[in-house]
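What the coordinates show
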Amino acid sequence: MSAFDAAALRAEFPVFEQTIRGKALAYLDNGATTQKPRAVIDAVTRFYAHDNANIHRAVHTLGERATAGYEGARAIAARFLNAPSPNEIIFTRGTTEGINLVARSFVEPRLQPGDEILVTGMEHHANLVPWHMVCQARGARVTHVPLLDDGSLDLDALPGLLTDRVRLFAVTQVSNALGTVNPIRALVAQAHARGIPVLVDAAQAVAHLPAAALDVQATGADFVAFSGHKIYGPTGIGVLYGRSEHLSAMPPIMGGGDMIREVFLDRSTYAEPPARFEAGTPPIAEAIGLGAALTWFMGLDREAALAHEDALLARATAALAAQPGVRLIGTAREKVTVLSFVLDFAHPHDAATFFDFEGVAVRAGHHCAQPVMARFGVPATLRATFAPYNTEADVEALLRAVARVRRVFTE
Amino acid sequence: MSDDAELDELYQELIMDHGRRPRNTGVAEPCSHRAHGHNPLCGDKLALTLRVDGDVIADVKFLGEGCAISTASASLMTQAVKGRPVTEVLDLYHRFHALVTADAGETAPPDAEALGKLAAFAGVRRFPTRVKCASLAWHTLEAALRPEGASTVTTE
């Protein structure tokens, strides 16, 4: 275990100042959403208490502060992804909205009958359903890179799938159900060699990978979508990065205030990106909270924090793998944060109820990845997902919870 | 009620027994009514088949995959409704629904007598996230008995 001080980090999160049913909270549902450090909670509170106003409109002091905070958050997000310009950062409600925006504005207008959108067998519903929708509307189809038994991509199948009918390759960087880390740089290079743009679903990646893996200039990704709440920020805010040559050619999909250049009674002209894609009053406090979260995260000793998280995952994985009646779902060599498993003696929902009585919060279900569940022949899994504020004690609590379920259901 | 007592009430022996060894599994043949139940939130699935002779449920069987609570609920439901008139069964459906959705503060389950063994599910009301598990089979039954004929019901 590294010398990383998880206890000090944990102390920055007020949510851990409580017990659940008399037990310390072992929060292992970070894949669903992360907890919020005081820095983020304070930034949101400070905005409402001191700076609250609408943005891009008012000449008064508060309006200027709100605008500066909102646009400052955009600059922070650009720095986080190493985007060449903040104008390539569109604020969305989250990953889902970002992907839908690309589907409607970038893909649908150019989609012809018989065209293909390439995805993978490990995508979250958010990176499947928008493609189903536009393909259905246009007579196109969704194809996929299949999964190997360890939950990694069958990369041998990729070249044959990158056909001249593929208009976009939409791929997750980290599987939310399996934890598999995909080789994004290599995938983008292969797609680009065929002239195919790539959208990266980075929802599960942003809080768990080093900066180099998320650097859009290094990966070459055309679009990257992520959600604030999975990287210690508020809900209701996310980022879509898009390369400027794409964004400037894309039509808006929502019309309204703040996205226009000129409006007449019978027509209007549109603002340049990113404003073109941010109609209406945006979630201002949430954007400022996201800026605070990204600043906080970039201020960590990221290498040590992620090494600590990886060590907890490795320890929990080894302990469960050694137990009879436990099947791990997703055993790829490159994995982060996710430990998905099923117990042959108890259904995931029964187990999760017992886990809660041990103070252990995990996700039980299909993780919005039903094709992944089908691939591995299970209706649902238990999923523990780790973050740097987790500790050895959380791993112990998880193992204690599994032992209790085993006692109850096999006695 | 202590935490562990709540858990013991939910996973009491009768429910564990029917969860492990469900009764009346399979397909009722011949069958006059059928419906599929699905909880998209957790993936639980249930296929219910019935034979209604005149006014009476002569046979009822189920196939499905789900947690101990939903399996036990389907199993105990089939036992409770077999051989009973449809009107009584629909009354039981409403009573069961009231039982599992009752205010958790209520000490005694309502209708304990009318519910018989089904009163074992009283503990579910303390677990709001598990109410759908217990009620899936009953919603499916109610859908199968609807005059317009059945379909797929989903709970989430």
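Residues numbered from 1 in each chain as written. Chains lettered and ligands numbered in written order. Predicted model: local features only at pLDDT ≥ 70, side-chain atom pairs only at ≥ 80, totals over all residues. Heavy atoms only, no water.

**Focus on the overall build of chain A**
When its secondary structure is counted, chain A shows 15 helices and 17 strands. A compact globule built from 411 residues would reach a C-alpha radius of gyration of about 22 Å, and chain A, at 22 Å, matches this within 12%. With the C-alpha coordinates of chain A rotated into their principal frame, the extents come out at 75 × 55 × 35 Å. Burial status across chain A gives 57% buried among its 411 residues. When the accessible surface of chain A is totalled, it reaches about 15,700 Å², and 54% of it is carbon and sulfur. The average position of the 36 basic charges and that of the 42 acidic charges among the side chains of chain A differ by 3 Å. (Helix = DSSP H or I, 4+ residues; strand = E, 2+ residues; numbered from the N terminus. Rg over C-alpha atoms; globule rule 2.2 N^0.38 Å. Buried < 20%, exposed > 50% of the residue type's maximum accessible area, 1.4 Å probe, protein only. Areas by Shrake-Rupley, 256 points an atom, 1.4 Å probe, with all protein chains shown as cover. Lys, Arg positive; Asp, Glu negative; His and termini not counted. Charge placed at Lys NZ, Arg CZ, Asp CG, Glu CD.)

**What about the domain arrangement of chain A?**
Residues and elements named next belong to chain A. Assigned domains of chain A: these are domain 1 (6–30 + 301–410) and domain 2 (40–298). In this structure, domain 1 and domain 2 have C-alpha centres spaced 28 Å apart. Domain 1 puts 32 residues into the contact, and the matching count from domain 2 is 34 residues. Approximately 2,500 Å² of surface area, both sides summed, lies buried where domain 1 meets domain 2, with 59% of it carried by carbon and sulfur atoms. Looking at the side of domain 1 facing domain 2, the largest losses of area belong to Arg302, Val336 and Arg375, adding up to 25% of the total buried there. Scanning the region where domain 1 abuts domain 2 turns up 1 salt bridge. The salt bridge involving Arg375 is made with Asp149; its shortest N-O contact spans 2.7 Å. Per element, the largest residue contribution to the side of domain 1 that touches domain 2 is 5 residues, and it comes from helix α14 (residues 370–375). Class assignment for the residues of the side of domain 1 that touches domain 2 results in 18 nonpolar, 7 polar and 7 charged. (Domains from an automatic or database assignment. Contact = heavy atoms within 4.5 Å. Buried area = accessible area lost by both parts, 1.4 Å probe. Salt bridge = Lys/Arg side-chain N within 4 Å of Asp/Glu carboxyl O. Nonpolar A, V, L, I, M, F, W, Y, C, P; charged D, E, K, R; others polar.)

**Considerations on the sheet that holds strand β4 (residues 89–92) of chain A**
Residues and elements named next belong to chain A. Ordered by their spatial adjacency, 7 strands build an open sheet running β4-β10-β9-β8-β7-β5-β6, and the pairing between neighbours is mixed. Each edge of the sheet is formed by a strand with only one pairing partner; in this case those strands are β4 and β6 (141–145). Sheet twist, expressed as the average angle between the axes of neighbouring strands with direction ignored, equals 20°. Of the pairings in the sheet, the one linking strand β5 (residues 116–120) to β6 comprises 5 bridges and is parallel in character. (Pairing = 2+ DSSP bridges. Axes fitted to C-alpha atoms, helices over the stretch in contact; angles between N-to-C directions.)

**A closer look at the interface of chain B and chain A**
Contacts between the two partners involve 20 residues from chain B and, on the opposite side, 16 residues from chain A. Buried surface at the junction of chain B and chain A, summed over both partners, amounts to about 1,400 Å²; 55% is from carbon and sulfur atoms. Of all residues in chain B, B:Asp3, B:Leu7 and B:Cys42 bury the most surface against chain A, accounting for 31% of the area lost on that side. The partner of A:Asp350 in a salt bridge is B:Arg130, and the shortest N-O contact between them spans 2.9 Å. For the pair chain B and chain A, the interface holds 9 residue pairs in polar contact (both at pLDDT 80 or more). Listing elements by their share of the side of chain B that touches chain A, those giving two or more residues are α1 (3–10), α2 (13–20) and α3 (68–81) of chain B. (Polar contact = N/O pair within 3.5 Å; in protein donor to acceptor, adjacent residues only side chain to side chain.)

**Thoughts on the environment of A:Leu9**
All names here are of chain A. Along the polypeptide, Leu9 turns up in helix α1 (residues 6–10). A relative accessible area of 4% means that Leu9 is categorised as buried. Those residues in contact with Leu9 that sit more than four places away from it in its chain are Phe4, Trp296, Leu300, Pro388 and Tyr389.

**As for the sheet that holds strand β16 (residues 363–365) of chain A**
Residue and element names in this part refer to chain A. Spatial strand order, β13-β14-β17-β16: 4 strands in an open sheet with antiparallel pairing. Each edge of the open sheet carries a strand with a single partner, namely β13 (326–328) and β16. Here the average twist between neighbouring strands, direction ignored, is 30°. Of the pairings in the sheet, the one linking β13 to strand β14 (residues 338–343) comprises 3 bridges and is antiparallel in character. Bridging from a neighbouring strand, Arg327 pairs with Val342 of β14. Across the face of the sheet, helix α12 (residues 302–321) comes into contact with β13 and β14 while running at roughly 15° to β14.

**Quick look at the nonpolar core**
Among the nonpolar cores identified, the biggest contains 82 residues, and A:Phe80, A:Leu81, A:Phe169, A:Phe226, A:Ile231 and A:Tyr232 are the most heavily contacted of them. It is helix α11 (residues 284–299) of chain A that contributes the most residues to this core, 10 residues altogether. In contact with A:Leu81, not counting residues within four places along its chain, are A:Ile89, A:Leu214, A:Asp215, A:Val216, A:Phe226, A:Val239 and A:Tyr241. Ranked by size, the runner-up nonpolar core spans 81 residues in total, among them A:Leu343, A:Val395, B:Ala80 and B:Phe121. (Core = buried A, V, L, I, M, F, W, Y, C linked by side-chain atoms within 4.5 Å.)

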